[in-house]
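# Observations on chain architecture
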Number of protein chains: 4
Amino acid sequence: MIKAGIIGATGYTGAELVRILARHPEVELVALTSRTYAGEDIASVYPALTGYAALPCADLTPEEVLARCQVVFIALPHGHAVPVAARAAAKGVKVIDLGADLRFRDAKTYEEWYRVPHHDPELAARAVYGLPEIHREAIRGAAVVANPGCYPTSAILGLAPLLKGGYIDPATIIIDAKSGVSGAGREAKVTSLFVECNENINPYAVAGHRHTPEIEQELGALAGTAVKVSFTPHLLPISRGILSTIYASLARPVTEAALRQVYQDFYTGEPFVHLLPPGRWPHTRWVYGSNNCHLNLALDGRTGRVVVASAIDNLTKGASGQAVQNLNLMYGFPETTALAAPGLCP
Amino acid sequence: MIKAGIIGATGYTGAELVRILARHPEVELVALTSRTYAGEDIASVYPALTGYAALPCADLTPEEVLARCQVVFIALPHGHAVPVAARAAAKGVKVIDLGADLRFRDAKTYEEWYRVPHHDPELAARAVYGLPEIHREAIRGAAVVANPGCYPTSAILGLAPLLKGGYIDPATIIIDAKSGVSGAGREAKVTSLFVECNENINPYAVAGHRHTPEIEQELGALAGTAVKVSFTPHLLPISRGILSTIYASLARPVTEAALRQVYQDFYTGEPFVHLLPPGRWPHTRWVYGSNNCHLNLALDGRTGRVVVASAIDNLTKGASGQAVQNLNLMYGFPETTALAAPGLCP
Amino acid sequence: MIKAGIIGATGYTGAELVRILARHPEVELVALTSRTYAGEDIASVYPALTGYAALPCADLTPEEVLARCQVVFIALPHGHAVPVAARAAAKGVKVIDLGADLRFRDAKTYEEWYRVPHHDPELAARAVYGLPEIHREAIRGAAVVANPGCYPTSAILGLAPLLKGGYIDPATIIIDAKSGVSGAGREAKVTSLFVECNENINPYAVAGHRHTPEIEQELGALAGTAVKVSFTPHLLPISRGILSTIYASLARPVTEAALRQVYQDFYTGEPFVHLLPPGRWPHTRWVYGSNNCHLNLALDGRTGRVVVASAIDNLTKGASGQAVQNLNLMYGFPETTALAAPGLCP
Amino acid sequence: MIKAGIIGATGYTGAELVRILARHPEVELVALTSRTYAGEDIASVYPALTGYAALPCADLTPEEVLARCQVVFIALPHGHAVPVAARAAAKGVKVIDLGADLRFRDAKTYEEWYRVPHHDPELAARAVYGLPEIHREAIRGAAVVANPGCYPTSAILGLAPLLKGGYIDPATIIIDAKSGVSGAGREAKVTSLFVECNENINPYAVAGHRHTPEIEQELGALAGTAVKVSFTPHLLPISRGILSTIYASLARPVTEAALRQVYQDFYTGEPFVHLLPPGRWPHTRWVYGSNNCHLNLALDGRTGRVVVASAIDNLTKGASGQAVQNLNLMYGFPETTALAAPGLCP
């Protein structure tokens, strides 16, 4: 049994980690930190866990957490993970950071988009970007994994086969993404209120969302050239789910059938990524509460563009499920441990 | 491995059975019947199952299903289960019927409320009402289990300790129940359309819903006297979940603390029924997609009434999860097999 | 043109007042107060108003507001209205208070349930409870109107004909009410977040909600005797709407048809209250965004109880629409001015 | 008073026409046709109209309707309007067709995308495309108006200023549109069920939706050159609302401020189209139930693309509200008659 801790356990990604790990036969949760709910049992904060998890939240210092754990999940707002991760790495405690602090190989990009200084560019440089379908081998040997953002996970999985194979013009990529409200976290703010989100859709952070450079870093590596994308996120009245609808112009003539084969080959053997049959477009509820990613594509002969749709659950494959997938890789457990479940649908 | 079949596999309760059984280590699904989707794989009808279940739906006769299975789940509209169940019983195939046809010990009550003749009152008389918390021992030995209705499950679990202990006046019971739309099934009808249900709540079948006599049968057995209840169902804009808010006048003086102890004692050791701490009222999303039932109560000194709230997922504890719980009991598997999971929340 | 102001204009009831008054031909809004949004135009806070209302919010003192207005709407949290209302009354500015501070003729009841001292019991004693269907004549002549709570509006309209006629036993009244989230206001709190409310229903404030004594005051006056009710509110995943499902035992034999006639007679000529035809149960979306109240009832012969359902929009008939209805009465405008619209449905 | 009829009155667009016209001082509804609900009052089919509209639905022949009316709204599935419209035109009854049959100046385009023959290309050629902001003068004099589709309304209003001014490369236009479920109509089909749509988003008809050529016809006329667009519709769990997020590459250097001025100028004096202030992106609930269109744009310097968001209510500005706007123009009534209302928000 691996002893694990969660720093920032009472946000939505923290709670999702607890939910998933409650069924993990090889992991024992030994530390849950929270300031707001210190002293309360996690099942008191999230009563859905009643009977499935019983561990008090505590306002522990990073040192106290690290002293108890072999691996630590960090689920803090950006800007807070670096010191914890650095100390963990120094002590030999493995780190899976669900925030943005260690996602950029070049800390300058982080500083530019997040507008805060980065205090450990060297750590950032050697952290591994935890998208198993792209970086599986590196994750296996990693001490520090930077778990991908939710939007980047959906976008990169949707585009990787096309860019790797050189099928599209990287200058033409447009990602129109739609997310459920849990992506905004559990912070009490007016824009996340039920009445503000219900019966509504709106774009936000147009031409400026911080997941843009993260997408571009990974797409650039796949394409072998710098990539700039148009990325527009939207807020949807659903709790969980991200759909990315992706547009790009073909770089060379190819049939839709050939492109489908490219995806099949790229994701062959992947337990969580599924190309749906022709004409069956991804629905976010088909991956609801699961670690799955559903994909489909069409080639539009009239415009010469390929259209890809990519659906994930932002809290699972887009955050905590992927974090557990990374843990499984880091410890040599079967990759689907605690994650092998279909979406909750209907 | 038990070989199991589902007759009527493509409705919501059928799909929920497939979802749950996909993780059951002791059950192999060998037959799924459907007229509408004959020839299609179940993962084509419910793409959430992609990668987790692969079995074609077929328009099989009952005989064909019974020839392949040791146990059969019947998920048909009422009026269709009796001939199948009778044949299965005759052949030694165990039956778990998710419909209403075998829920009444006295077939006359069925005929009165469902307004169709009952063709096998003897079979109805010996079927076991599959509410494990009340009839566990009988279920273990049963050949035919009548799986309870969704509303009755929530109402009976909420009231059983009070009636068993004689704490309330059975003539004063009022059950105000609220259900998600999946309870209406997957039939294409205007009243189940998104636009008709969204941003809405309405009562329906007031003073005449068919779950009324089912509730009364079980409450009467617990009380040791005939019971008549006011039962009002409501339709809610949620996919899954039932909340029953229950009112009854005290039959004798008792404290709220004493009543809480009554519930604790009644449900001690139950894996799925949880009395929440004082003041934490059940939320249906806390049991979302799970086999759990959350309860709480208050004693209103001003009016001399006890108020109980009982929350379940109508498709899981209220239907398919409970059916699997019954299967586990009938075959001696650990009762929580394939069911030990917290609600999907957030 | 009447000059009107709104104190607390940027909460949901304030915004609903602006929306309604934007179409009122006899009222000019001249003052909108807000601390949070001082300096912003109301159409900046609620962009739906773009092109329909243009008035800056300002952090005005009550004196500044009263100096500009002939009538003032107070939409503040309870405990804040009394000093404003007292000053307004002294200056001859008419007051419509949407909070609870002046709803109780006996300020002791207020103090007991709201657990704050009442600073002007005399003002409370002479304020008029602004439910036009019950107190129309008093409202016409009122200087200070206490606009009813949302739950009480639905409950009282549902029960008034029965109590006035002595058809039910007042000791048996149970009100099971369900409300949309806008009833919780625009305050940023975790319990009002989209993710916390979506796909959920839960009871709250069981046996202790502050609208209980308000309902009891008005029902008692109708019945001519003290009335105690069981009242349980629930939170629903809809933005607007309240449904009250009401149970009571008959006090004397009567037919359902006779009871229907009682309602028809009681509400004859009422522009906003509609008894629906037999069997058509109220849906909250049928009154969505309107000042209408839809009612229906059934007599359950098996239990001797009458069941009433009453649906309103909590922000309109349950708050701001009713406030404008009261203004219309106070100034002798046609009672439906700015309010004569069907619900927005579909 | 103009006498008006609605052919196909009980679908969602028909009901929305009744709702709007209930407040129109110059229009009297004299005929509502319906096969399904013949003999029922419209307020029985849509109880929200109780007290606001009382007219029986009848299975009238077109001749019977035309004999009673000066203007007729046709709200039928495509393929059914042409014979009615032809007869109406012959009799001098004005026609506003809410379907697709008369939207294409070149009936061949219709035949190609709708895959049915067009029986009156000459009538199609002289029908006026009823988008007042583009074709106001022609509408004033029209005998037959083809009311625009919902998606085209949002897309064309979003792009018109850019194309008219030559600011973007017409070959680069991508329209990612999201619609509420009412756009699918009131037909009972599984894909429109609450449980299928709730907690979900999905694309559909990718690279093949029939609104594509309608958008292209109008954009081409504005651009003065043939235009081909990528258009992807998505289904959202909201009842009403369309958001189109539009991407195009600049054709020549321009600042964002200059583009904003282009929109201001283009829509100056328009009562229903509002460019929101910088950074305030359209929310569909801000136009909920209204005839308004909210727009905003950003120029993304990194990619050289302009991003436009355009929000309407698909049933109002996207269908029935625009139809009434057209009627107002055709009869010389003030254009905002019965339509001058802010969105219902909150």
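Here the residue numbering is sequential within each chain, running from 1 through the sequence in written order. The naming scheme follows written order: chains are lettered A onward, ligands numbered 1 onward. The predicted origin of the model limits local features to residues at a pLDDT of at least 70 and limits the giving and counting of side-chain atom pairs to 80 or more, whereas totals for whole chains, interfaces and linings rest on all residues. Hydrogens are left out, water is left out, and the side-chain values use all remaining heavy atoms of the structure.

### What to know about the overall build of chain A
Just so we agree on the cut-off: Note on conventions: DSSP H or I runs of at least 4 residues are helices, E runs of at least 2 residues are strands, and numbering of each starts at the N terminus. Here the radius of gyration uses the C-alpha set of atoms, whereas the globule reference equals 2.2 Å times the residue count to the power 0.38. Each residue gets one of three labels from its accessible area relative to the maximum for its type: buried under 20%, exposed over 50%, partly exposed in between, using a 1.4 Å probe on protein chains only. For every accessible area listed, the method is Shrake-Rupley and the probe measures 1.4 Å; residues are considered covered only by the protein chains on display. Working convention for charge: Lys and Arg count positive, Asp and Glu count negative, and His plus the chain ends are omitted. Every charge is mapped to an atom, namely NZ of Lys, CZ of Arg, CG of Asp or CD of Glu.
Scanning chain A from terminus to terminus reveals 12 helices and 14 strands. Whereas a compact globule of 346 residues would reach a radius of gyration of roughly 20 Å, chain A reaches 19 Å, a difference of no more than 12%. Summarising its shape, the C-alpha atoms of chain A cover approximately 60 × 45 × 40 Å along the three principal directions. Among the 346 residues that make up chain A, the fraction classed as buried is 67%. On chain A, roughly 10,500 Å² of surface is accessible, and the fraction owed to carbon and sulfur atoms is 52%. For chain A, the centre of its 29 positive side-chain charges and the centre of its 31 negative side-chain charges are spaced 2 Å apart.

### Re the relation of the copies chain A and chain D
For the record, the criterion: C-alpha atoms of residues with pLDDT of at least 70 in both copies form the basis for the least-squares superposition of the copies. Should any heavy atoms of two residues lie within 4.5 Å, those residues are counted as being in contact.
Expressed as a screw transformation, the operator carrying chain A onto chain D has a rotation angle of 180° and an axial translation of 0.0 Å, and the superposed copies differ by an RMSD of 0.0 Å. Here the symmetry operator amounts to a two-fold rotation axis. When the interface residues of chain A are mapped onto chain D, 100% of them are again interface residues, pointing to one common binding face.

### Some details on the relation of the copies chain B and chain D
Here chain B sits on chain D after a turn of 180° about the axis and a move of 0.0 Å along it, with an RMSD of 0.0 Å. Taken together, the interface assignments show that 100% of the residues at the interface of chain B recur at the interface of chain D, consistent with an identical surface on both copies.

### Comments concerning the interface of chain B and chain D
Spelled out, the test is: Joining two parts hides part of their accessible area as seen by a 1.4 Å probe, and the buried area is that hidden amount summed over both. Any Lys or Arg side-chain nitrogen found within 4 Å of a carboxyl oxygen on Asp or Glu counts as a salt bridge. Think of a polar contact as two N or O atoms within 3.5 Å of one another; within protein, one of them needs to be a possible hydrogen donor and the other a possible acceptor, and neighboring residues in sequence only count if both atoms come from side chains. All amino acids are sorted into three groups, where Ala, Val, Leu, Ile, Met, Phe, Trp, Tyr, Cys and Pro are nonpolar, Asp, Glu, Lys and Arg are charged, and the leftover types, Gly among them, are polar.
Chain B puts 18 residues into the contact, and the matching count from chain D is 18 residues. Regarding the contact of chain B and chain D, the summed buried area is about 1,700 Å², with carbon and sulfur atoms giving 64% of it. Of all residues in chain B, Leu193, Phe194 and Val195 of chain B bury the most surface against chain D, accounting for 38% of the area lost on that side. Linking chain B with chain D are 2 salt bridges, by the criterion used here. A salt bridge links Arg186 of chain D to Glu196 of chain B; its shortest N-O distance comes to 3.1 Å. Taken together, the links from chain B to chain D amount to 8 residue pairs in polar contact (both at pLDDT 80 or more). With 4 residues, the top contributor of residues to the side of chain B that touches chain D is helix α9 (residues 194–197) of chain B. Across the side of chain B that touches chain D, the residue classes tally to 10 nonpolar, 4 polar and 4 charged.

### Some thoughts on the packing of aromatic side chains
Residues and elements named next belong to chain A. Test applied: Aromatic pairing here means that ring centres of Phe, Tyr or Trp (its six-membered ring) are within 6.5 Å. Orientation follows from the plane angle: under 30 degrees is stacked, over 60 is edge-to-face, and everything else is tilted.
Per the counting criterion, the structure on display carries 28 aromatic pairs over all chains. Their ring planes at 70° and their centres at 5.1 Å tell us that Tyr151 and Phe231 sit as a pair that is edge-to-face. Residue Tyr151 is located in helix α8 (residues 150–164), and its partner Phe231 is located in strand β10 (residues 230–235); the two are separated by 80 residues in the primary sequence. Considered together, Tyr151 and Phe231 belong to a single accessibility category, that of buried residues.

### Digging into the interface of chain A and chain D
Facing 47 residues of chain A, the contacting portion of chain D comprises 47 residues. For the pair chain A and chain D, the summed buried area comes to about 4,000 Å², and 56% of that belongs to carbon and sulfur atoms. The largest per-residue losses of area from chain A upon contact with chain D belong to Glu199, Arg285 and Arg302 of chain A, which jointly make up 19% of the total buried on that side. Applying the counting rule to chain A against chain D returns 6 salt bridges. A salt bridge links Asp176 of chain A to Lys178 of chain D; the shortest N-O distance between them is 2.9 Å. Our count for the contact surface shared by chain A and chain D stands at 30 residue pairs in polar contact (both at pLDDT 80 or more). Element by element, the count of residues in the side of chain A that touches chain D is highest for strand β8 (residues 174–179) of chain A, at 4 residues.

### Thoughts on unusual backbone geometry
Put simply, Cys345 of chain C and Pro346 of chain C share a cis peptide bond, and its omega is 5°. Along the polypeptide, Pro346 of chain C turns up in the segment after α12 (316–331). Positive phi, normally seen in glycine, also occurs at Ala205 of chain A, with a value near 50°. Mapped onto the elements, Ala205 of chain A comes out in the loop between β9 (202–203) and α10 (211–223).

### Here we look at the nonpolar core
Put simply, the rule is: Among the buried residues, those of types Ala, Val, Leu, Ile, Met, Phe, Trp, Tyr and Cys that are joined through side-chain atoms within 4.5 Å form a nonpolar core.
Among the nonpolar cores identified, the biggest contains 94 residues, and Phe73 and Ile96 of chain A together with Phe73 and Ile96 of chain C are the most heavily contacted of them. With residues near it in sequence (within four places) discarded, Ile96 of chain C still touches Val71, Val72, Phe73, Ile74, Val145, Asn147, Ala323, Asn326, Leu327 and Met330 of chain C. In terms of nonpolar packing, the next biggest core, distinct from the first, is built from 93 residues, Ala43 of chain B together with Val45, Ile96 and Leu235 of chain D among them.

### A few points about the pattern of salt bridges
Under the counting rule described, the total for this entry stands at 72 salt bridges over all chains. A salt bridge links Glu196 of chain D to Arg285 of chain A, with the shortest nitrogen-to-oxygen separation between them at 2.7 Å. Of this pair, Glu196 of chain D sits in helix α9 (residues 194–197) while Arg285 of chain A is found in the loop between β12 (273–275) and β13 (293–300), placing the two residues in two different chains. Take Glu196 of chain D and Arg285 of chain A: they sit in the same class, and that class is buried. For Glu196 of chain D, a relative accessible area of 8% puts it in the buried group.

### Things to note about the sheet that holds strand β5 (residues 94–97) of chain B
Residue and element names in this part refer to chain B. We apply this condition: Two strands are counted as paired when DSSP detects at least two bridges linking them. To obtain each axis, a line is fitted to C-alpha atoms, and for helices this fit is confined to the stretch in contact; angles are then taken between N-to-C directions over 0 to 180 degrees.
Taken in spatial order, the 7 strands make up an open sheet running β3-β2-β1-β4-β5-β7-β6, and their pairing is parallel. Each edge of the open sheet is held by one strand with a lone partner, namely β3 (57–58) and β6 (128–129). Packing against the sheet, helix α1 (residues 12–21) makes contact with β1 (2–7), β2 (27–33) and β4 (71–74), and its axis sits at approximately 155° to β2. Running over the sheet, helix α12 (residues 316–331) touches β1, β2, β4, β5 and β7 (144–146) and is turned about 160° from β5.

### Some remarks on the state of the cysteines
As a reminder, the rule being used: We call a pair of cysteine sulfur atoms a disulfide whenever their separation is within 2.5 Å.
Overall, the coordinates contain 0 disulfides over all chains when judged by the stated rule. Free of any disulfide, Cys150 of chain D has its nearest neighbouring cysteine sulfur in Cys293 of chain D, separated by 13 Å.

### Thoughts on helix α5 (residues 107–114) of chain B
All names here are of chain B. Filter applied, for reference: The arc under discussion is defined with respect to the helix axis, by the directions toward the C-beta atoms.
Taken as a whole, α5 has its buried residues at Ala107, Tyr110, Trp113 and Tyr114. Taken down its axis, α5 places every buried residue within 130° of arc, on the same side. Across α5 from its buried face, at more than 90 degrees, point the exposed residues Lys108 and Glu112. Where α5 is buried, its residues meet α6 (121–126) and α10 (211–223).

### A short note on the packing of α8 of chain A against helix α12 (residues 316–331) of chain A
The geometry of a pair of packed helices is captured by two quantities: the angle between their axes and the separation between those axes. Residue and element names in this part refer to chain A. For clarity, the threshold we go by: Oblique is the label for every angle not falling under 35 degrees (roughly parallel), over 145 degrees (roughly antiparallel), or within 65 to 115 degrees (roughly perpendicular).
Here α8 crosses α12 at 100°, and the two axes come no closer than 8 Å. Regarding the angle of α8 to α12, the classification is roughly perpendicular. Between α8 and α12, the contacting residues are Cys150, Thr153 and Leu157 on the first element and Lys317, Gly318 and Gln322 on the second. Class assignment for the residues of the contact of α8 with α12 results in 2 nonpolar, 3 polar and 1 charged.

### Some thoughts on the pairing of strand β1 (residues 2–7) of chain A
Residues and elements named next belong to chain A. Basically, it comes down to this: By the criterion used throughout, a crossover qualifies as right-handed when its path from the first strand across the helix to the second strand runs clockwise, the strands pointing away from the viewer.
Judged by how many residues are buried, β1 sits mostly within the fold: 5 of 6 residues are covered. Note that the unit made of β1, helix α1 (residues 12–21) and strand β2 (residues 27–33) has a crossover that is right-handed. Across 4 bridges, the pairing between β1 and strand β4 (residues 71–74) is parallel. In the strand pairing of β4, Ile6 is matched with Phe73.

### A closer look at the confidence of the model for chain A
As a reminder of what qualifies: pLDDT measures how confident the predictor is about each residue, on a scale from 0 to 100.
When pLDDT is averaged along chain A, the result is 97, and 100% of the positions lie at 70 or above. Scoring of the predicted complex yields 0.98 for pTM and 0.97 for ipTM.

### Here's the deal with the sheet that holds strand β9 (residues 202–203) of chain C
Residue and element names in this part refer to chain C. Here 7 strands make up an open sheet; going across it, the order is β9-β10-β8-β11-β14-β13-β12 and the pairing mixed. Each end of this open sheet is capped by a strand with a single partner; those strands are β9 and β12 (273–275). Where strand β8 (residues 174–179) meets strand β10 (residues 230–235), 6 bridges bridge the pair, whose relative direction is parallel. Bridged to Ile174 within β10 is Ser230.

### With respect to the domain arrangement of chain A
Residue and element names in this part refer to chain A. This is how it is decided: The start and end points of each domain follow an automatic or database-based domain assignment.
When cut into domains, chain A gives domain 1 (2–126) and domain 2 (151–314). The straight-line distance from the C-alpha centre of domain 1 to that of domain 2 is 26 Å. Residue-level contacts link 14 residues of domain 1 with 13 residues of domain 2. The tally of links between domain 1 and domain 2 comes to 2 salt bridges. Applying the counting rule to domain 1 against domain 2 returns 8 residue pairs in polar contact (both at pLDDT 80 or more).

### Re the side chain of Asp313 of chain A
Residues and elements named next belong to chain A. Tracing the sequence through the fold places Asp313 in the loop between β14 (305–312) and α12. In terms of polar contacts, Asp313 uses its side chain to reach the backbone amide nitrogen of Gly289, at 2.6 Å. Leave out the neighbours within four places in its chain, and Asp313 touches Arg240, Gly241, Val287, Tyr288, Gly289, Ser290, Asn292 and Gly318.

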